[in-house]
Structure formats: C-alpha cells, structure tokens
Amino acid sequence: MTAFALVTGVASPVLAPPALASPGVVQHVSGHAYAPPRVHGRAVYLWDATTGQDLLDKNAGKRMPVASLTKIMTAYIVLREANLDDEVKVKREDLEYAWNNDGTTADLEPGDTLPVGDLLYALMLPSGADAAHALARAYGPGVPGFVDKMNATARELGLNDTLYVNADGLPTSRGDGYSTARDQARLAEIALRNPVFTEITSTRHHATEDGRYDWYNTNHMLGLPGAIGVKTGSTNAAGFCLAFAADRGGRRLIGIILGENVASRRWDTAERLLDWASESWASESWASESDR
C-alpha cells in the first residue's frame with residue numbers, strides 16, 4: 001500500500017480517522033480540525049502556491065507519465081515565443097499524427113491557416129494533438145526541436161524530474177515521457193502567471209471568428225468557486241490525470257491528480273480537496289479570532 005503525507009509545517013499528533021483515511025498510512029501533521037478527504041490515484045498533490053506550503057502529498061515526487069498535462073508546457077513555450085496573431089498553416093501530417101497515435105483532436109482541416117491564439121484554444125480545450133503537432137512543428141522549428149526546447153525549459157524552471165518526448169503526452173515507440181505531481185504543480189503555477197494562459201485554460205467554450213471551429217473545454221472543474229483550469233489528460237499508461245487550480249480566500253491552490261483509474265472520480269477528488277483546504281483555513285481563522 002502507498003503512504004501519503006499531509007504537510008503544513010505545523011507539528012501535531014498523528015490523526016487518521018478511518019472514515020476519511022486514504023488507502024495506506026495517513027500522516028496528518030497539522031493543527032487543522034478537519035482530516036483530509038479520501039483521495040485516489042497513484043499520485044495526488046495539493047499545494048498552496050501563495051504561501052508555498054505543501055498541503056497534501058501522496059507520491060508527489062514519483063515519476064510517471066502525465067498524458068496531456070504535457071500540453072501545459074507546449075502552451076507555455078508557444079506563449080513565450082509567438083505572437084497571438086501569428087498564423088500557422090495546418091498540414092495533413094498534423095492530423096495524421098493524431099489519428100495514427102489515437103490522440104484526441106480539435107478536428108483541424110488541412111490547408112487551414114489559424115492564428116496562434118486560436119490554436120492555443122484548440123490545444124487546451126479539446127486537447128487537440130493535431131494542434132500540438134502544428135504548433136510544435138512551427139515553433140521548433142520541427143517537432144524534435146520543439147521537444148528539445150521543452151526539456152531545456154524544464155531544466156530552466158527547476159523541473160528536474162520531468163522528461164518530454166513529444167508535445168502532447170501520447171505514448172511513443174520510444175517510451176513515454178514522465179514527470180511528477182510536484183513538478184506539474186510548479187509548472188502550472190508558472191504558466192498561470194501569464195494572463196493569456198489563464199484566460200485560455202479557464203474558458204469553457206471558444207469559437208473562431210469565422211465560425212469554422214467550435215471547441216469545448218474537457219475540464220469539468222470550471223464553474224466551481226474560483227476555478228481557473230488547468231488541464232485534463234489520459235492514456236492507458238498514465239491513467240486519468242488532472243491539473244486543477246482555484247483562487248480561494250486570497251490564496252491560489254494548485255492540485256495534481258495522476259494515475260486515477262476512474263475518469264469521473266477526478267472531479268470529485270479535486271472538489272473535495274479545494275473545499276477541505278478552504279474549510280481548514282476558515283477553521284483556523286475562527287480559532288484565531290476566538291483566542292483574541
């Protein structure tokens with residue numbers, strides 16, 4: 001069984017109420033009145049990006065495939081190097097890449113020319129592997145060159161447990177790339193500093209001006225209080241994955257779920273974690289006021 005730790009930096013006795021305990025040994029090290037909710041998945045991490053505190057850690061440093069969470073890095077690099085009104089011509093090879101590798105697509109049409117801004121929506125909302133391939137091809141230049149940039153940027157950002165093999169997270173004959181829940185949370189926090197990335201990943205629906213394309217976000221977290229994205233993903237090797245974030249009580253919470261084996265359970269787990277952190281802060285605030 002897998003151990004996970006709840007870490008807030010405040011020493012207290014170990015609490016593990018059976019009704020709420022995660023499978024494995026639960027170490028609850030905090031002064032909070034509330035035990036953490038039950039979590040699933042091979043790795044789960046919740047981080048207070050405002051204070052820098054790790055709130056919950058289940059295998060957060062374990063390397064594993066992250067599926068389409070890979071596209072967070074793809075979007076981050078494109079936003080650094082391109083203008084939103086730059087135009088990229090879609091090629092048949094972009095679609096064939098997605099089809100041949102059983103990837104999700106944005107249903108792009110060969111020969112169409114789209115602005116980078118629209119292609120980023122195609123990348124992040126329906127999780128288009130065709131859009132990822134087109135952007136990587138344009139801004140590598142060439143997909144191998146773009147992947148080199150992804151790995152160089154990972155090192156630059158201190159994501160030392162991350163390796164990319166493509167721009168989309170699909171499995172390859174050379175094996176999957178990998179990352180950790182902790183690295184992905186750090187990357188999400190950095191990417192969310194860009195207001196354009198935040199706007200894109202927080203959008204439920206986007207249509208191009210000419211009406212040719214209409215995309216919906218696969219992230220069911222949108223609509224919850226303070227939710228700001230970030231990305232979904234799934235492959236056979238990675239399981240169902242989720243990067244999520246929300247601004248609650250003046251703090252930014254960022255969470256990662258990797259290796260979940262029930263697709264819909266990601267949403268419930270993420271919502272429970274956000275509510276748990278918020279309730280814990282409210283309890284601490286109430287206790288502080290009572291002590292005055």
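Parameters and conventions
Here the residue index of a chain counts from 1 through its sequence in written order. Only residues with pLDDT of 70 or above have their local features reported here, since the model is predicted, and side-chain atom pairs are shown and tallied only from 80 upward, although totals for entire chains, interfaces and linings are computed over all residues. In computing side-chain values, all of the structure's heavy atoms are included and hydrogens and water are not. For salt bridges, the criterion is a side-chain nitrogen of Lys or Arg within 4 Å of an Asp or Glu carboxyl oxygen. Secondary structure elements follow DSSP: runs of H or I of four or more residues count as helices, runs of E of two or more count as strands, with numbering from the N terminus. Only protein chains enter the accessibility calculation, which uses a 1.4 Å probe. A residue is then buried if its area is under 20% of the maximum for its type, exposed if over 50%, and partly exposed in between. Buried Ala, Val, Leu, Ile, Met, Phe, Trp, Tyr and Cys residues form a nonpolar core when they are joined through side-chain atoms within 4.5 Å. Contact between two residues is taken to exist if any of their heavy atoms lie within 4.5 Å; hydrogens are not considered. Between N-to-C directions, angles span 0 to 180 degrees; the directions come from axes that are lines fitted to C-alpha atoms, helices contributing only their stretch in contact. Any angle between 65 and 115 degrees counts as roughly perpendicular, while under 35 counts as roughly parallel, over 145 as roughly antiparallel, and the rest as oblique. By convention the crossing between two helices is left-handed if the near helix lies anticlockwise of the far one by an angle smaller than a right angle, and right-handed if it lies clockwise. Classification used: nonpolar for Ala, Val, Leu, Ile, Met, Phe, Trp, Tyr, Cys and Pro, charged for Asp, Glu, Lys and Arg, polar for all others including Gly.

With an unreviewed UniProt entry as reference, the chain is termed D-alanyl-D-alanine carboxypeptidase family protein, source organism Microbispora maris.

**Observations concerning the pattern of salt bridges**
Side chains that carry opposite charge are capable of pairing whenever their charged atoms lie near each other. Summed over the entire model, instances satisfying the criterion amount to 15 salt bridges. With its nearest N and O atoms 3.9 Å apart, the salt bridge here joins Asp 54 to Arg 182. Residue Asp 54 is found in strand E4 (residues 53-58), and its partner Arg 182 is found in helix H6 (residues 181-191); the two are separated by 128 residues along the sequence. The exposure class assigned to Arg 182 is partly exposed, which follows from its relative accessible area of 26%. The salt bridge partner of Glu 96 is Arg 92, with a shortest N-O separation of 3.1 Å. Of this pair, Glu 96 and Arg 92 both sit in helix H2 (residues 92-100), 4 residues apart, roughly one helical turn. Residue Glu 96 is classed as partly exposed on the basis of its relative accessible area, which comes to 33%. Here the salt bridges share partners, and the residues they tie into one network are Asp 54, Asp 57, Arg 182 and Arg 186.

**A short note on the nonpolar core**
One finds Ile 72, Met 73, Leu 108, Leu 120, Phe 197, Trp 215 and Leu 258 to be the most contacted residues of the largest nonpolar core, which totals 64 residues. Not counting chain neighbours up to four residues away, the residues in contact with Phe 197 comprise Ile 72, Ala 75, Leu 79, Met 124, Ala 191, Leu 192 and Val 230. Counting residues in each nonpolar core, the second largest holds 17 residues, with Val 44, Leu 56, Trp 267 and Ala 277 among its members.

**Overview of the packing of H2 against helix H4 (residues 129-139)**
Running from N to C, H2 and H4 cross one another at 135°; their axes reach a closest spacing of 8 Å. Here H2 lies oblique to H4, going by the angle between them. For the pair H2 and H4, the sense of crossing is right-handed. Where H2 approaches H4, its residues Glu 93, Asp 94, Leu 95, Tyr 97 and Ala 98 are matched on the opposing element by Ala 129, Asp 130, His 133, Ala 134 and Arg 137. Grouping the constituent residues of the contact of H2 with H4 by class yields 5 nonpolar, 1 polar and 4 charged.

**Concerning the packing of helix H1 (residues 70-81) against helix H5 (residues 143-156)**
Orientation of H1 relative to H5, taken along the N-to-C sense of each, is 95°, at an axis distance of 10 Å. It follows from the interaxial angle that H1 and H5 lie roughly perpendicular. Contacts between H1 and H5 involve Thr 70, Met 73, Thr 74, Tyr 76, Ile 77, Val 78, Arg 80 and Glu 81 from the first element and Phe 146, Lys 149, Met 150, Thr 153, Ala 154 and Glu 156 from the second. Its residues assigned to classes, the contact of H1 with H5 comprises 7 nonpolar, 3 polar and 4 charged.

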